[in-house]
Amino acid sequence: MSTHKKPLSVQLAIKTTAVKDSLVGIVKGLEGFLLQKEQDADRVDVLVLEIGSNPASDFETIRSLLQENVVGQLFLTSSKMTTEVLLPALRAGAKEFFSQPIDHDEVKVAFRQVLKDSQDHDRGEETPVHLGKIFSVLGAKGGVGATTFAVNLASSIQALDQNKLVALIDMNRLVGEIPLFLDLETNTNWEDIGKNFSRLDGAYLKSAMARHSSGIYVLPAPSGFDTETHLPAGFLFQIVKSMRQFFDYIIIDGGMYLDDNLFNILKESEVIYLIAILSLPCLINVRKLQESIRTTDDDADKKMQIIANRFEKKAQISLSEANKLIGAEISMTIPNDYSLAMSAINNGKVITDISGSSNLAKAYKKLAESIVKPPVATAGGVFKWFK
Ligand SMILES: Nc1ncnc2c1ncn2[C@@H]1O[C@H](COP(=O)(O)OP(=O)(O)OP(=O)(O)O)[C@@H](O)[C@H]1O
Ligand SMILES: [Mg+2]
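Residues numbered from 1 in each chain as written. Chains lettered and ligands numbered in written order. Predicted model: local features only at pLDDT ≥ 70, side-chain atom pairs only at ≥ 80, totals over all residues. Heavy atoms only, no water.

1. Topic: the overall build of the chain
- In terms of regular secondary structure, the chain is built from 16 helices and 13 strands.
- Seen through its principal axes, the chain has C-alpha atoms that stretch 80 × 55 × 40 Å.
- Within the chain, the proportion of its 387 residues that are buried is 47%.
- Summarising the internal contacts of the chain: among those between residues at least 6 apart in sequence, 74% fall at separations of at least 24. (Helix = DSSP H or I, 4+ residues; strand = E, 2+ residues; numbered from the N terminus. Buried < 20%, exposed > 50% of the residue type's maximum accessible area, 1.4 Å probe, protein only. Contact = heavy atoms within 4.5 Å.)

If you want it as structure tokens, here you go:
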């Protein structure tokens, strides 16, 4: 990494000795930062401040420090990680909040980000606007294969390009199953991230998400009932929005339950896959689902793609009949292969890893290719002469 012309100054306003010692150790070990004595500066690039026994007065101090522009970036720490401390801290303008005892990696990541921002700024670079693409997956009925689709779409996209960052988010509150599908042990779910929503930077998100051997980052759904009341409305949509700045592709397993978070996510989605099977009740649901999505998104019809999963050529309802029933074209069929789909789930693997040459794996690969390498628009024009 290139070095900064002048190191960034750091001050620690920390009362707890052990916390101060840890932070001193970390800052001294970091390139690009210089620890300052309190008395010798009238402006400091980074201040780490400990919230003490009188948080209200600490917040007052913080506000005036930031207002008078004597502090560049402010990090806070406290032995208490309660909403009463966290929320005012965020509102006061803190960039990050460090838990105690100090987690060295957490602090280093936050400092490195400050250094990077400052270097970008020096080079006159705006942080590049990079917005990852969201692909939402909705089941038109329970058990039609939405989770299977989301998991295998994400891993197939990743397989085509290991350099891209692919995220998979399970929105199925209480009944999320993605960790089981991928045999992943996870400690963090989106509710935990919601509690730390001051820190929705890429480094934190990546460290909080579980990484599967395929390369994808997974954010599971919470399985408990109790804590949602602490979380701000719409935070899940905020998490997804923040993720767009770091991830190239974000696949959402939306399940079947439509709420405001999901509607907002659908609005930002590149494609909304409606997973169906060719049964009458399911096709009727596809129609209903399309109608509800249309009511909140004017562009819905351009984005919705109906997938006929578990497709058999000899099915009772033909594709053209299904199209008529739905009043829209089915975009793609995925072959029925129950034993393969089931064996993938039961082994905690993606379909390609069980059988890469299967028609099922090929269907997912083809779909992923159409996303990662969309056909060049001019191919039919100039290129046709070279064929
Ligand atoms: N292409 C396929 N061929 C055969 N079976 C499939 C296929 N895709 C998925 N399945 C099977 O369908 C069942 C349901 O799959 P999955 O759990 O992915 O559905 P879901 O829509 O997410 O269900 P839920 O409503 O419970 O979330 C599983 O047993 C899975 O193996
Ligand atoms: Mg599911």
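2. Considerations on the sheet that holds strand E3 (residues 44-50)
- Pairing within the open sheet is parallel, and its five strands lie in the order E2-E1-E3-E4-E5. One side of each edge strand has no neighbouring strand; the edge strands of this open sheet are strand E2 (33-35) and strand E5 (96-98). In this sheet, adjacent strand axes meet at a mean angle of 30° when their direction is disregarded.
- Here strand E1 (residues 8-13) runs beside E2; their pairing, made up of three bridges, is parallel. In the strand pairing of E2, Ser9 is matched with Leu34.
- Of the strands in this sheet, E3 and strand E4 (71-77) are in contact with helix H2 (residues 55-67), which crosses E4 at around 160°. (Pairing = 2+ DSSP bridges. Axes fitted to C-alpha atoms, helices over the stretch in contact; angles between N-to-C directions.)

3. A few points about the nonpolar core
- Within the largest apolar cluster, 89 residues are counted, with the highest numbers of intra-cluster contacts made by Phe149, Ile239, Ile251 and Tyr273.
- With eight residues, helix H16 (residues 359-372) is the single largest residue contributor to this core.
- In this structure, Tyr273 is in contact with Phe135, Ser136, Val137, Leu138, Phe149, Leu153, Gln305, Ile307, Leu367 and Ile371, ignoring residues within four places of it in sequence.
- Ranked by size, the runner-up nonpolar core spans 20 residues in total, among them Val10, Val19, Ile26 and Val114. (Core = buried A, V, L, I, M, F, W, Y, C linked by side-chain atoms within 4.5 Å.)

4. A short note on the environment of Ser343
- Counting through the fold element by element, Ser343 comes out in helix H14 (residues 338-346).
- The class of Ser343 is partly exposed, set by a relative accessible area of 24%.
- The spacing of Ser343 and Leu278 is 65 residues in sequence and 23 Å in space, taken between C-alpha atoms.

5. A word on the sheet that holds strand E6 (residues 133-139)
- Strand order in this open sheet of eight strands is E8-E9-E7-E10-E6-E11-E12-E13, and the pairing throughout is mixed. Each of the sheet's edge strands pairs with one partner strand only, and the pair in question is strand E8 (210-211) and strand E13 (330-335).
- In the sheet, strand E12 (residues 304-311) pairs with E13 via four bridges, with the strands oriented parallel. Its bridge partner being in E13, Ile307 is matched across the sheet by Met332.
- Where helix H10 (residues 260-267) meets the sheet, its contacts fall on E6, strand E10 (249-255) and strand E11 (271-276), and the angle it forms with E6 comes to roughly 130°.
- The sheet contacts of H16 involve E6, E10, E11 and E13, and relative to E13 the element is tilted by about 145°.

6. Describing the packing of H10 against helix H11 (residues 280-296)
- Interaxial distance between H10 and H11 falls to 10 Å at its minimum, and their mutual angle equals 75°. Put simply, H10 runs roughly perpendicular to H11. Between H10, through Phe263, Leu266 and Lys267, and H11, the contact on the second element is made entirely by Ser292, Ile293 and Thr296.
- Its residues assigned to classes, the contact of H10 with H11 comprises three nonpolar, two polar and one charged. (Parallel < 35°, antiparallel > 145°, perpendicular 65-115°, else oblique. Nonpolar A, V, L, I, M, F, W, Y, C, P; charged D, E, K, R; others polar.)

7. Re the site of ligand 1
- Residues in close proximity to ligand 1 total 19 residues, the closest being Gly143, Ala146, Thr147, Thr148 and Asp337.
- Contact distances for ligand 1 include 2.5 Å between an oxygen atom and a side-chain N or O atom of Thr148.
- Protein chains bury 84% of the 630 Å² of accessible surface belonging to ligand 1 in isolation.
- Every element with two or more residues in the shell around ligand 1 is listed here: helix H5 (146-160), E12, E13 and H14.
- Here the shell around ligand 1 gets four residues from one element, more than from any other, and that element is H14.
- Among the residues forming the shell around ligand 1, the class breakdown is 10 nonpolar, seven polar and two charged. (Near = heavy atom within 4 Å. Polar contact = N/O pair within 3.5 Å; in protein donor to acceptor, adjacent residues only side chain to side chain. Areas by Shrake-Rupley, 256 points an atom, 1.4 Å probe, with all protein chains shown as cover.)

8. Points about the domain arrangement of the chain
- Here the domain parsing of the chain yields domain 1 (8-122) and domain 2 (133-373).
- One C-alpha centre belongs to domain 1, the other to domain 2, and the line joining them spans 38 Å.
- The partner domain 2 presents eight residues to the 10 residues of domain 1 that form the contact.
- Summed over both partners, the interface of domain 1 with domain 2 buries about 740 Å², with 55% contributed by carbon and sulfur atoms.
- In this assembly, domain 1 and domain 2 are joined by zero salt bridges.
- Where domain 1 packs against domain 2, one counts zero residue pairs in polar contact (both at pLDDT 80 or more).
- If you list the elements that add at least two residues to the side of domain 1 that touches domain 2, you get helix H3 (83-92), E5 and helix H4 (104-122). (Domains from an automatic or database assignment. Buried area = accessible area lost by both parts, 1.4 Å probe. Salt bridge = Lys/Arg side-chain N within 4 Å of Asp/Glu carboxyl O.)

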